[in-house]
Every structure is written in C-alpha cells, then in structure tokens.
Amino acid sequence: MTDISKSSSASLFLPMFEGFRAELDEHHDRRERVIKASRDITAASKKIIFSLQRIKKLNEPIPNFVTKANAQHWDNIAKQYKTISPDLQDLNTHRYERNITGGNQELMESLSFQHYLSTQTLISYDDACAKVSELSEKGKPVQLSIEDYVLGIFDMVGELMRFAITAMATGGELPGGSSTSTENRKVADEDTMEVDSEEKRSLPPRNALSDMRELRTYLEYLEVPRGTYFGKDVDKKMEVMRTCVEKVENALYGLVVRGSERPKGWIPEFTGSSRGPEPVEAV
Amino acid sequence: MASQTGMIDPAIFEQLQDIIDQDTEIRDELREILKTLEKQGRSTQAILSKAHSTSSDSLCNVVEGAEGALRYQIDTVSELAEAASRHPYYKYNHVWSHQIQDLTYMILLSGFLGGFTSTNSSEARQTGRLLTIEEVGNILGVPVNIKNKDTFHLSLEEYLLALITLIEELARLARNSVTLGDYTRPLQISKFIKDVHAGFQILNLKNDALRRRSDGIKYRVKEVEDVVYDLSLRNLIPKDT
C-alpha cells in the first residue's frame, strides 16, 4: 500500500468503473425502452377494450365498426412490441419481466375479452403467446409469461361484468344464453366430445353470468405459489374478481325480481334507489 | 372437469397448473441448495466478525480461517450454478441474488484483509486490495457479467451491491481499528472508500436498488474521515504513511 503515490490514487478504480458505467447505461436504456413500450401497450389496450364494450352480442364476429376503430391501436401495439423485441431476447428474455408485465397483462385483458366476445370461449395460453409473437418482431418473440396470462384473465372478468351489466340494462337480459353457441361448439369439437354429447344436450344454455361463474371456479381452483409477487397479485385480484361476479348476480337478481314491473332500459344498479322506477327511454 | 362443456377448455387450466407446479419445483430445488449456502455463510461471517477485535499482526489467522470457510460455500455455489444453468438466468435470479451478494461481500472483505493473495503465502499478505469482479468470479468458479449466453454468472449489480456492503463494514472496522490501537488502518480504509466512492460517482444510476444503496456511501466516507480527523488532531497518525 505504501508505494502507491497519492496523485494516482484518486483514479485507482476509475477505469474499472468506466466499464461498469457503459454496461449499466446499456441496461438502463433497455429498461427504459421496455417501460415506455409497456405504458403505450397498456394505453392502446385500454382503448381497444373501450371499443369492444360497445359490442352488444356474444359469439358473433367482431363488428366492422369496432375492428376499424381498433386497427390503429393494434398497429400501435405491434409497433411497441417490435421496438422492444430485440431487448427481450436470450439472456434478457426474463430480465425485464417486471417492467413489461403491466403492458402484457393489459394486452392479455383486451385479447381475451375480444376472443370471448367473438367465440364465447377462453383463449388458451398457447394461443395468447402466439398472438404476442405475431405482434413482435419476426423471429424475436416477446415472451408472455404465465403470470401475465393469469393476471390478465383476472382483469378480464371486470370487463365481462361491465359487458353483462350494460347488456342487461339496455337489452333487459343477460348476453349469450342462446343455444346456438352450444350447437356450434358441438360441431367444432365433434371428435373429442362425442362421449359427452348426450350429457351436453341436457345442459342449460350458457350466458355471460354462467361463463363468469365458470371462470371464477377455475381461477379459485388454481394453485399459485405463496410468497411470490405472483401469489400476492393473485390474492389482490381474487377479491376484485369475486366482487365482479357478485355484481352481475345482484343485477340479475334485480332484473328477475322486478323485471316484469319495469320498462326496458331501466337500470337497477345505476339509478338512485330513492327514486321510483322511471323509464330512461321508451322502447 | 373432464371435457369442455362451457366457456373454458379444462386443458387450459391443466396446462397452467402444470407450468406453475414445475416452476415451484425448480424454486424449491434452488432454495434447498441456498439453505446450505446460508448456513455455511453464517460460519464464514462469524469468522470474519473477529476482524473487528483482532490486531493487524494476528489478522492472518482470521483471513485464513475465512478462506477455509469460504471454500465450502464455493463448493455449494458450483452446485447452485449447475442447477440454475438449466433454467433461464433472470427468471430465477432473484431466488439466489441476495445470497450471492452476501458471499461476494465476504470474499471482498477477505480480499481487503489480505486474503486470496496470488503470491506465495510466505510473503506478507497485501491488504487494502479491491478484488475485481473477474477475480471474484475466479474465486467462485463462475463466469461474470455474461451478456450473450444464458447461464449462471455473477452479475455486475450483484458485485456492486456487495461492494457497498463492504464499504459499510469497513467504516465500522475503521473505528474498531482505533480501539485496537491500530492507527494506520483507518487511513488505508479512508483512501479505499474514497476511491470506491469516486468510482460510484461516475455511474449514471437510475432509481433502483443500486441507487438507493449507493446513496449511503457518502456518509461512510464522512464517518471514516471523522476517524482520521480525530487521529490527526491528536497527532496519532504514524509519520511513515
């Protein structure tokens, strides 16, 4: 130690730290790009969901006016994913998971909601991953984690609630419920479903509420690891999800118990309880 | 839940559960190795703690003891590296990162106290050294700061966080050296901490763990400066330094 002169000592570790600086800068730049893209993907996904909420009917192709309105948002999302595709490859595939999860979850919400509206089924994890790959740069897919998928589905239940309540308020009944959806599926799944076809015929028709209940059952049944970010997020979203299902149940209760007494268009949930039933619009 | 009768194909959730269960299994396997590492780490830490109450002359016993204890941890790290390299690095990095930081810190402290000297043991151990990230990687037997391959390694962040822990420990050691009657070491520590501080100052840190922890370095610089001031005020600083 004694032979190191004072003049050179000030810069003893500086060359080493200069190397570190370059590397940390690279890391921070990547992270910031990912955070920014995540925010933009979130914003665009919210706009897509907003348009989707104007759809009235379940299990039918997405109407043209919605597809048109959303095209620019999908383009924007694809642009964002392509920007960060190179940043999320190889070693860095999972490095920025916590930074991209917000955008991925919101995208998952819009993706699963759109899928539900047009098919009345839940999009699978593999299909969702394929969709994100499609949005990413070719050959450099952004990874949709299992956490992104599950948490996005939880949020989707909130959209189902809004969709169901709006439909009940404006149309006077729960969306879905026609037997056509079941018929369609029977044709589609003929090979795998043969054994159950007998049983299925006797099933009550499905509607948005029965679908929400089914989703609730599956989500509650899912066993997630305790003490992780994922576990905590699921705990939080579980409560919200249950409330959403109950809100639709309560709305349906109102519809059934008072349904015959009030004109179409009257909204049990949203008009003040102090006021008597007054028609919002005469149909 | 045998087949799809409603909205959800049961296979979807079966697949989700499978993936989650596999993930949990991997974490459990890694945690099992880390339990061993943690236990061994406590032994090493206990030995290194003696540095605060050992005079410079007999410090080499502490350092040799620490080196010996660290060897067990290094064996465990190779086990961890093997298990962890089977999976994406950053997916599970948070499971072991903290412990690898602790271990790196103990290696850095041993290095500062004269451990891991490459020269012959007969020579006097050189103290006050900062082991580089590459040297720590060599000691641990793992690659460092990898960028193009998805494998287990010591990351730059882990090294820097360990270095901050070292600084905090050295500030404490500076005061305790004075208590032991060693008036040279605080000067050595002061210079070392100032050099590291200068290094951290040229980094463009963002709002993350590294930033928050490195904010404390300046207080450690001041703490040790105060010790040096106390010594110089009383003419206790040896003349030959």
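Here the structure is shown first, and the text comes after it.
Everything numeric in this text was worked out from a predicted model, so none of it was measured.

## Details of the environment of tyrosine 149 of chain A
Residue and element names in this part refer to chain A.
Part 1 of the argument: Its place among the elements puts tyrosine 149 in helix H6 (residues 146–171).
Part 2 of the argument: Classification of tyrosine 149 as buried rests on a relative accessible area of 0%.
Part 3 of the argument: Along the sequence, tyrosine 149 and serine 124 sit 25 residues apart, while their C-alpha atoms lie 9.1 Å from each other.

## With respect to the interface of chain A and chain B
Part 1 of the argument: Taken residue by residue, the interface counts 55 residues in chain A and 51 residues in chain B.
Part 2 of the argument: Here chain A meets chain B over a buried area of about 4900 Å², counting both sides, of which 69% is carbon and sulfur.
Part 3 of the argument: The interface formed by chain A and chain B contains four salt bridges.
Part 4 of the argument: Put simply, chain A and chain B have 12 residue pairs in polar contact (both at pLDDT 80 or more) between them.
Part 5 of the argument: Going through the elements one at a time, helix H2 (14–52), helix H5 (125–135), H6 and helix H10 (208–221) of chain A are the ones with two or more residues in the side of chain A that touches chain B.
Part 6 of the argument: Tallying contributions element by element places H2 of chain A first for the side of chain A that touches chain B, with 13 residues.

## Notes on H10 of chain A
Part 1 of the argument: Look at H10 of chain A: 20 Å from first C-alpha to last across 14 residues, which is about the 20 Å you get at 1.5 Å a residue.
Part 2 of the argument: Regarding H10 of chain A, the residues found buried are Ala208, Leu209, Asp211, Met212, Glu214, Leu215, Arg216, Tyr218 and Leu219 of chain A.
Part 3 of the argument: Those residues of H10 of chain A hidden inside the fold are in contact with helix H4 (97–119), H6 and helix H11 (229–258) of chain A together with helix H1 (10–49) of chain B.

## Overview of unusual backbone geometry
Part 1 of the argument: Positive phi is not limited to glycine here, since asparagine 59 of chain A has a value of about 60 degrees.
Part 2 of the argument: Relative to the helices and strands, asparagine 59 of chain A is located in the loop between H2 and helix H3 (64–84).

## Section: the packing of aromatic side chains
Part 1 of the argument: Scanning all chains against the criterion turns up 12 aromatic pairs over all chains.
Part 2 of the argument: Ring geometry for phenylalanine 17 of chain A and phenylalanine 20 of chain A: centres 5.5 Å apart, planes at 75 degrees, overall edge-to-face. In this pair, phenylalanine 17 of chain A and phenylalanine 20 of chain A both sit in helix H2, three residues apart, roughly one turn of the helix. As far as burial versus exposure is concerned, phenylalanine 17 of chain A and phenylalanine 20 of chain A are alike and both buried.
Part 3 of the argument: Considering the side-chain rings of phenylalanine 112 of chain B and phenylalanine 192 of chain B, the 4.9 Å spacing of their centres and the 75 degrees angle between planes classify their relative orientation as edge-to-face. With phenylalanine 112 of chain B in helix H3 (residues 89–112) and phenylalanine 192 of chain B in helix H6 (residues 185–201), the pair connects residues that are 80 residues apart, well separated along the chain. For the pair phenylalanine 112 of chain B and phenylalanine 192 of chain B, a shared accessibility class is recorded, and that class is buried.
Part 4 of the argument: An aromatic cluster is present here, built from Phe17 and Phe20 of chain A together with Tyr159 and Phe200 of chain B joined pairwise through their rings.
Part 5 of the argument: The positively charged end of arginine 98 of chain A is found above the aromatic ring belonging to tyrosine 229 of chain A, 3.8 Å away from the centroid.
Part 6 of the argument: The ring of tyrosine 229 of chain A has lysine 232 of chain A sitting right over it, with the charged end atom 6.0 Å from the ring centre.

Rules used throughout
Residues numbered from 1 in each chain as written. Chains lettered and ligands numbered in written order. Predicted model: local features only at pLDDT ≥ 70, side-chain atom pairs only at ≥ 80, totals over all residues. Heavy atoms only, no water. Helix = DSSP H or I, 4+ residues; strand = E, 2+ residues; numbered from the N terminus. Buried < 20%, exposed > 50% of the residue type's maximum accessible area, 1.4 Å probe, protein only. Contact = heavy atoms within 4.5 Å. Buried area = accessible area lost by both parts, 1.4 Å probe. Salt bridge = Lys/Arg side-chain N within 4 Å of Asp/Glu carboxyl O. Polar contact = N/O pair within 3.5 Å; in protein donor to acceptor, adjacent residues only side chain to side chain. Expected span 1.5 Å × (residues − 1). Phe/Tyr/Trp six-rings, centres within 6.5 Å; stacked < 30°, edge-to-face > 60°. Lys NZ or Arg CZ within 6 Å of the ring centre and 35° of its normal.

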